[in-house]
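# Per-entry structural report
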Amino acid sequence: MTYTKQKIANVVFQRTTGRATAYDLTSTTLMPVAVFNEQYDMLVEAAMQKHSWTWTKRVQEIPSDDFEETDGEYCFKFRVPEHLDSLKGVYDDEDCRYAIPYDMHDGYIWVKCLSKKHPRAFIKYTSTPYEGIMPSYFVNWLCWFLADNMVMEISGDTDRLKIIEAQEPRALRVALAADAKQRGATAIPTDGIISARN
């Protein structure tokens, strides 16, 4: 499922008010909308700092149609992906073992592909958090986290605050477990001495 800021807001408003009222986020006069719009970006950034979420780290193959041939040191260039936060490297393979020389400026990534006839590149990067790539487990916790931080300003309901304060840590534990499962098992390479002791 693809999430939007409006969908997340609807869930937050329901949790903070107890009513399934969908407020339009473009409204400037409604108090719940003003609170949400004012705090949303800051709280999402705080949520991102709680853990090193795996879904922000991506490896993406650049489609061959996106390459533009250039003159000079770097033989090809392609546009920087829309939500790229920091580029970790450019590679010739999907497993990111064979690095390709690159430079990034002017909205492009300039690369020295191994083949001039069939350019190929995989980029490894972290993406700026945006709703389109957020997984369900993260969004579920994020809605509780946002509600926990906004409930008193939106509704002032102390009973609802107690419920949200109880649910938010549980949702975080589920999100952390789901994110850990996405990482998979990590193999630790052993050298000869460790192997000899086994």
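Quick look at the structure, then. Note that the structure is predicted; figures quoted are calculated from it, not measured.

### A few points about the side chain of Arg15
Within the secondary structure, Arg15 is located in helix H1 (residues 5-17). It is Glu168 that comes nearest to the buried, bridge-free Arg15 among opposite-charge side chains, at 9.9 Å. Excluding its chain neighbours within four sequence positions, the residues that come into contact with Arg15 are Asn140, Cys143, Trp144, Ala147, Arg160 and Ile164.

### Brief notes about the sheet that holds strand E1 (residues 57-61)
Reading across from one edge, E1-E7-E4 is the order of the 3 strands in this open sheet, with antiparallel pairing throughout. Both edges of this open sheet fall to E1 and strand E4 (84-91), since each of them pairs with a single strand only. Mean inter-strand twist for the sheet, computed between neighbouring axes without regard to direction, equals 25°. Two elements, E4 and strand E7 (residues 122-127), share 6 bridges in a ladder whose sense is antiparallel.

### A closer look at the environment of Cys75
For Cys75, the location among the structural elements is in the loop between strand E2 (68-69) and strand E3 (76-79). Note on Cys75: relative accessible area 7%, which makes it buried. The sequence separation of Cys75 and Arg173 amounts to 98 residues, and the corresponding C-alpha distance is 47 Å. Those residues in contact with Cys75, other than ones at most four positions away along the chain, are Glu68, Glu69, Thr70, Val111, Lys112, Cys113 and Lys116.

### Focus: the packing of aromatic side chains
For any two aromatic rings, the description comes down to two numbers: the centre-to-centre distance and the angle of the planes. Under the counting rule described, the total for this entry stands at 11 aromatic pairs. Aromatic side chains Trp141 and Phe145 sit 5.1 Å apart centroid to centroid with 35° between the ring planes, which places their arrangement in the tilted category. With Trp141 and Phe145 both in helix H3 (residues 136-154) and 4 residues apart, the pair spans about one turn of that helix. An aromatic cluster of at least three residues, connected via ring pairs, comprises Trp53, Trp55, Phe138, Trp141 and Phe145.

Rules used in this analysis
Residues numbered from 1 in each chain as written. Predicted model: local features only at pLDDT ≥ 70, side-chain atom pairs only at ≥ 80, totals over all residues. Heavy atoms only, no water. Helix = DSSP H or I, 4+ residues; strand = E, 2+ residues; numbered from the N terminus. Buried < 20%, exposed > 50% of the residue type's maximum accessible area, 1.4 Å probe, protein only. Lys, Arg positive; Asp, Glu negative; His and termini not counted. Salt bridge = Lys/Arg side-chain N within 4 Å of Asp/Glu carboxyl O. Contact = heavy atoms within 4.5 Å. Pairing = 2+ DSSP bridges. Axes fitted to C-alpha atoms, helices over the stretch in contact; angles between N-to-C directions. Phe/Tyr/Trp six-rings, centres within 6.5 Å; stacked < 30°, edge-to-face > 60°.

It is worth stressing that arrangement in space is one thing and function is another; only the former is reported here.
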